[in-house]
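Fold and contact review
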Protein chains: 2
Amino acid sequence: MTEENTVFIGNKPVTAYVMACVTQFNRDAEAIVLKARGRAISRAVDVAEVLRRRFMKDRVDVTNIQIDTEQIETREGNLSNVSAIEITITKI
Amino acid sequence: MTEENTVFIGNKPVTAYVMACVTQFNRDAEAIVLKARGRAISRAVDVAEVLRRRFMKDRVDVTNIQIDTEQIETREGNLSNVSAIEITITKI
(Lines give C-alpha, C1' and ligand atoms only; values in the text may rest on other atoms or scores of the structure.)
Protein backbone atom coordinates (compact mmCIF):
# COMPACT_ATOMS: atom_id res chain seq x y z
CA MET A 1 0.00 0.00 0.00
CA THR A 2 2.62 2.49 -1.10
CA GLU A 3 -0.02 5.04 -2.08
CA GLU A 4 -1.46 5.05 1.40
CA ASN A 5 -1.59 8.22 3.43
CA THR A 6 -2.43 8.72 7.07
CA VAL A 7 -4.54 11.47 8.63
CA PHE A 8 -4.40 11.73 12.42
CA ILE A 9 -7.72 12.85 13.87
CA GLY A 10 -7.49 15.19 16.86
CA ASN A 11 -9.58 18.03 18.25
CA LYS A 12 -10.09 20.15 15.15
CA PRO A 13 -13.52 20.43 13.50
CA VAL A 14 -14.59 17.49 11.33
CA THR A 15 -14.42 19.62 8.17
CA ALA A 16 -10.70 20.33 8.72
CA TYR A 17 -9.93 16.61 8.42
CA VAL A 18 -12.38 16.13 5.57
CA MET A 19 -10.56 18.85 3.63
CA ALA A 20 -7.17 17.27 4.42
CA CYS A 21 -8.44 13.98 2.97
CA VAL A 22 -9.95 15.58 -0.14
CA THR A 23 -6.60 17.31 -0.76
CA GLN A 24 -4.70 14.01 -0.47
CA PHE A 25 -7.13 12.20 -2.77
CA ASN A 26 -6.80 15.02 -5.30
CA ARG A 27 -3.02 14.50 -5.13
CA ASP A 28 -3.61 10.96 -6.38
CA ALA A 29 -3.70 9.13 -3.06
CA GLU A 30 -5.50 5.81 -3.65
CA ALA A 31 -6.26 5.23 0.02
CA ILE A 32 -6.17 7.16 3.26
CA VAL A 33 -6.02 5.76 6.80
CA LEU A 34 -7.76 7.83 9.46
CA LYS A 35 -6.20 7.22 12.88
CA ALA A 36 -7.73 8.34 16.16
CA ARG A 37 -7.52 7.58 19.87
CA GLY A 38 -9.89 8.05 22.80
CA ARG A 39 -12.67 10.58 22.33
CA ALA A 40 -11.44 11.48 18.84
CA ILE A 41 -12.64 8.04 17.67
CA SER A 42 -16.18 9.41 17.19
CA ARG A 43 -14.78 12.25 15.11
CA ALA A 44 -12.87 9.83 12.87
CA VAL A 45 -16.15 8.06 12.12
CA ASP A 46 -17.74 11.44 11.34
CA VAL A 47 -14.90 12.25 8.91
CA ALA A 48 -15.30 8.91 7.10
CA GLU A 49 -19.07 9.28 6.85
CA VAL A 50 -18.97 12.89 5.62
CA LEU A 51 -16.37 11.92 3.01
CA ARG A 52 -18.20 8.95 1.56
CA ARG A 53 -21.72 10.42 1.76
CA ARG A 54 -21.11 14.05 0.88
CA PHE A 55 -17.76 15.43 -0.24
CA MET A 56 -16.59 12.38 -2.19
CA LYS A 57 -19.91 10.60 -2.68
CA ASP A 58 -19.63 7.58 -5.03
CA ARG A 59 -15.88 8.14 -5.32
CA VAL A 60 -14.58 6.60 -2.07
CA ASP A 61 -15.70 3.92 0.34
CA VAL A 62 -14.67 2.52 3.72
CA THR A 63 -12.69 -0.64 3.03
CA ASN A 64 -11.33 -1.55 6.46
CA ILE A 65 -11.91 -0.68 10.11
CA GLN A 66 -9.70 -1.90 12.92
CA ILE A 67 -9.76 -1.19 16.63
CA ASP A 68 -6.92 -1.61 19.06
CA THR A 69 -5.63 -0.61 22.48
CA GLU A 70 -2.56 1.61 22.82
CA GLN A 71 -0.54 2.49 25.90
CA ILE A 72 0.12 6.17 26.46
CA GLU A 73 2.11 7.90 29.16
CA THR A 74 0.10 10.28 31.30
CA ARG A 75 1.40 13.67 32.48
CA GLU A 76 2.19 12.00 35.81
CA GLY A 77 4.39 9.44 34.03
CA ASN A 78 2.01 6.48 34.44
CA LEU A 79 1.01 4.16 31.61
CA SER A 80 -2.64 4.28 30.62
CA ASN A 81 -4.63 2.23 28.11
CA VAL A 82 -6.51 4.09 25.40
CA SER A 83 -8.66 2.69 22.61
CA ALA A 84 -7.73 3.46 19.03
CA ILE A 85 -9.33 3.11 15.61
CA GLU A 86 -8.01 2.95 12.05
CA ILE A 87 -10.45 3.56 9.21
CA THR A 88 -9.22 2.95 5.67
CA ILE A 89 -10.92 4.94 2.92
CA THR A 90 -10.23 3.88 -0.65
CA LYS A 91 -11.05 5.31 -4.08
CA ILE A 92 -13.63 3.25 -5.95
CA MET B 1 -27.68 -15.04 13.33
CA THR B 2 -30.44 -16.14 15.67
CA GLU B 3 -28.15 -16.22 18.67
CA GLU B 4 -27.20 -12.62 18.21
CA ASN B 5 -27.84 -10.08 20.93
CA THR B 6 -27.59 -6.32 20.85
CA VAL B 7 -26.18 -4.03 23.51
CA PHE B 8 -26.87 -0.31 23.05
CA ILE B 9 -24.00 1.82 24.34
CA GLY B 10 -25.02 5.07 26.03
CA ASN B 11 -23.64 7.22 28.82
CA LYS B 12 -23.06 4.63 31.53
CA PRO B 13 -19.52 3.64 32.56
CA VAL B 14 -17.70 1.21 30.25
CA THR B 15 -17.79 -1.55 32.89
CA ALA B 16 -21.61 -1.50 32.96
CA TYR B 17 -21.71 -2.52 29.29
CA VAL B 18 -18.84 -4.98 29.69
CA MET B 19 -20.81 -6.73 32.44
CA ALA B 20 -23.99 -6.76 30.30
CA CYS B 21 -22.00 -8.49 27.54
CA VAL B 22 -20.37 -11.01 29.88
CA THR B 23 -23.84 -11.88 31.20
CA GLN B 24 -25.20 -12.44 27.69
CA PHE B 25 -22.21 -14.58 26.68
CA ASN B 26 -22.66 -16.65 29.85
CA ARG B 27 -26.31 -17.17 28.79
CA ASP B 28 -25.00 -18.86 25.65
CA ALA B 29 -25.05 -15.92 23.27
CA GLU B 30 -22.67 -16.76 20.39
CA ALA B 31 -22.33 -13.13 19.27
CA ILE B 32 -23.16 -9.67 20.54
CA VAL B 33 -23.56 -6.50 18.50
CA LEU B 34 -22.55 -3.28 20.26
CA LYS B 35 -24.44 -0.30 18.82
CA ALA B 36 -23.56 3.32 19.53
CA ARG B 37 -24.16 6.76 18.07
CA GLY B 38 -22.32 10.08 18.31
CA ARG B 39 -19.97 10.49 21.23
CA ALA B 40 -20.82 7.04 22.57
CA ILE B 41 -18.92 5.54 19.61
CA SER B 42 -15.63 5.86 21.51
CA ARG B 43 -17.17 4.07 24.48
CA ALA B 44 -18.34 1.20 22.26
CA VAL B 45 -14.74 0.71 21.13
CA ASP B 46 -13.64 0.75 24.78
CA VAL B 47 -16.20 -1.94 25.64
CA ALA B 48 -15.03 -4.17 22.77
CA GLU B 49 -11.37 -3.75 23.69
CA VAL B 50 -11.90 -4.38 27.43
CA LEU B 51 -13.92 -7.50 26.61
CA ARG B 52 -11.45 -9.09 24.24
CA ARG B 53 -8.29 -8.09 26.11
CA ARG B 54 -9.34 -8.47 29.72
CA PHE B 55 -12.70 -9.87 30.82
CA MET B 56 -13.07 -12.46 28.05
CA LYS B 57 -9.49 -12.68 26.86
CA ASP B 58 -8.95 -15.49 24.31
CA ARG B 59 -12.67 -16.30 24.41
CA VAL B 60 -14.12 -13.59 22.14
CA ASP B 61 -12.92 -11.50 19.21
CA VAL B 62 -14.15 -8.60 17.11
CA THR B 63 -15.48 -10.11 13.88
CA ASN B 64 -17.13 -7.14 12.17
CA ILE B 65 -17.19 -3.34 12.42
CA GLN B 66 -19.55 -1.17 10.40
CA ILE B 67 -20.10 2.56 10.42
CA ASP B 68 -23.14 4.39 9.18
CA THR B 69 -25.05 7.68 9.35
CA GLU B 70 -28.45 7.86 11.02
CA GLN B 71 -30.98 10.65 11.03
CA ILE B 72 -32.31 11.67 14.42
CA GLU B 73 -34.94 14.24 15.33
CA THR B 74 -33.66 17.03 17.56
CA ARG B 75 -35.65 18.51 20.46
CA GLU B 76 -36.62 21.34 18.12
CA GLY B 77 -38.09 18.85 15.64
CA ASN B 78 -35.34 19.18 13.02
CA LEU B 79 -33.57 16.22 11.40
CA SER B 80 -29.89 15.89 12.19
CA ASN B 81 -27.27 13.44 10.93
CA VAL B 82 -25.36 11.42 13.50
CA SER B 83 -22.62 8.83 12.94
CA ALA B 84 -23.17 5.33 14.23
CA ILE B 85 -21.09 2.19 14.74
CA GLU B 86 -21.87 -1.50 15.07
CA ILE B 87 -19.20 -3.77 16.51
CA THR B 88 -19.83 -7.52 16.41
CA ILE B 89 -18.10 -9.60 19.09
CA THR B 90 -18.13 -13.36 18.63
CA LYS B 91 -17.09 -16.33 20.75
CA ILE B 92 -13.97 -18.07 19.45
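Let me begin by describing the structure that accompanies this report. (Residues numbered from 1 in each chain as written. Chains lettered and ligands numbered in written order. Predicted model: local features only at pLDDT ≥ 70, side-chain atom pairs only at ≥ 80, totals over all residues. Heavy atoms only, no water.)

1. Some words on the overall build of chain A
- Along its length, chain A carries 2 helices and 4 strands.
- Sequence-ordered secondary structure for chain A, helices as α and strands as β, is β-α-β-α-β-β.
- By principal-axis analysis of the C-alpha atoms, chain A measures approximately 45 × 25 × 20 Å.
- Counting every position in chain A, which comprises 92 residues, the buried fraction comes to 41%.
- Across chain A, every contact between residues at least 6 apart in sequence was considered, and the portion connecting residues at least 24 apart equals 67%.
- Here chain A displays about 5400 Å² of accessible surface, and carbon together with sulfur accounts for 43% of that area. (Helix = DSSP H or I, 4+ residues; strand = E, 2+ residues; numbered from the N terminus. Buried < 20%, exposed > 50% of the residue type's maximum accessible area, 1.4 Å probe, protein only. Contact = heavy atoms within 4.5 Å. Areas by Shrake-Rupley, 256 points an atom, 1.4 Å probe, with all protein chains shown as cover.)

2. A few points about the packing of helix H1 (residues 14–26) of chain A against helix H2 (residues 40–55) of chain A
Residues and elements named next belong to chain A.
- Running from N to C, H1 and H2 cross one another at 55°; their axes reach a closest spacing of 9 Å. One element, H1, and the other, H2, form an angle in the oblique class. The chirality of how H1 crosses H2 is right-handed. Each of Val14, Tyr17, Val18, Met19, Cys21 and Val22 in H1 lies in contact with H2, whose residues at this interface are Arg43, Asp46, Val47, Val50, Leu51 and Phe55. (Axes fitted to C-alpha atoms, helices over the stretch in contact; angles between N-to-C directions. Parallel < 35°, antiparallel > 145°, perpendicular 65-115°, else oblique. Left-handed = near helix turned anticlockwise from the far one by under 90°.)

3. Focus on the nonpolar core
- Residues Leu34, Ile85 and Ile87 of chain A together with Leu34, Ile85 and Ile87 of chain B are the most contacted members of the largest nonpolar core, which totals 55 residues.
- When neighbours within four sequence positions are excluded, isoleucine 87 of chain B is seen to be in contact with Ile32, Val33, Leu34, Ala44, Val45, Ala48, Val62, Asn64 and Ile65 of chain B. (Core = buried A, V, L, I, M, F, W, Y, C linked by side-chain atoms within 4.5 Å.)

4. Remarks on the relation of the copies chain B and chain A
- Rotating chain B by 180° and moving it 0.0 Å along the rotation axis overlays it on chain A with an RMSD of 0.0 Å. Classification of the inter-copy transformation places it as that of a two-fold axis. By C-alpha distance to the rotation axis, the residue of chain B lying nearest is serine 42 of chain B, at 2.8 Å. (Least-squares fit on C-alpha atoms with pLDDT ≥ 70 in both.)

5. A few points about helix H1 (residues 14–26) of chain B
All names here are of chain B.
- Its 13 residues place the ends of H1 19 Å apart at the C-alpha level, agreeing with the 18 Å of an ideal helix rising 1.5 Å per residue.
- Along H1, the positions that sit buried rather than exposed are Val14, Tyr17, Val18, Cys21, Val22, Gln24 and Phe25. Projection of H1 onto a plane perpendicular to its axis shows the buried side chains occupying an angular sector of 165°, all on one side.
- At the C-terminal side of H1, aspartate 28 shows a positive phi close to 75°. (Expected span 1.5 Å × (residues − 1). Arc of directions from axis to C-beta.)

6. Topic: the interface of chain B and chain A
- Counting residues at the interface gives 19 residues for chain B, matched by 19 residues for chain A.
- Counting the surface chain B buries against chain A, the share from its top three residues, Ser42, Ile65 and Ile67 of chain B, is 38%.
- On inspection of chain B and its partner chain A, the count reaches 2 salt bridges.
- Of the charged contacts, one joins aspartate 68 of chain B and arginine 53 of chain A as a salt bridge, the two residues approaching to 2.6 Å between their closest N and O atoms.
- Taken together, chain B and chain A are joined by 15 residue pairs in polar contact (both at pLDDT 80 or more).
- Elements that contribute at least two residues to the side of chain B that touches chain A include exactly helix H2 (40–55), strand E3 (60–73) and strand E4 (79–91) of chain B.
- Looking at the side of chain B that touches chain A, the element that brings in the most residues is H2 of chain B, giving 8 residues.
- In the side of chain B that touches chain A, the residues fall into 8 nonpolar, 5 polar and 6 charged. (Buried area = accessible area lost by both parts, 1.4 Å probe. Salt bridge = Lys/Arg side-chain N within 4 Å of Asp/Glu carboxyl O. Polar contact = N/O pair within 3.5 Å; in protein donor to acceptor, adjacent residues only side chain to side chain. Nonpolar A, V, L, I, M, F, W, Y, C, P; charged D, E, K, R; others polar.)

7. Structural notes on the pattern of salt bridges
Residue and element names in this part refer to chain B.
- According to the stated counting rule, one finds 12 salt bridges over all chains in the structure shown.
- A salt bridge links arginine 53 to glutamate 49, with the nearest nitrogen and oxygen atoms 2.6 Å apart. Residue arginine 53 and its partner glutamate 49 are both found in helix H2; the two are separated by 4 residues, about one turn of the helix.
- We classify glutamate 49 as buried; its relative accessible area is 2%.

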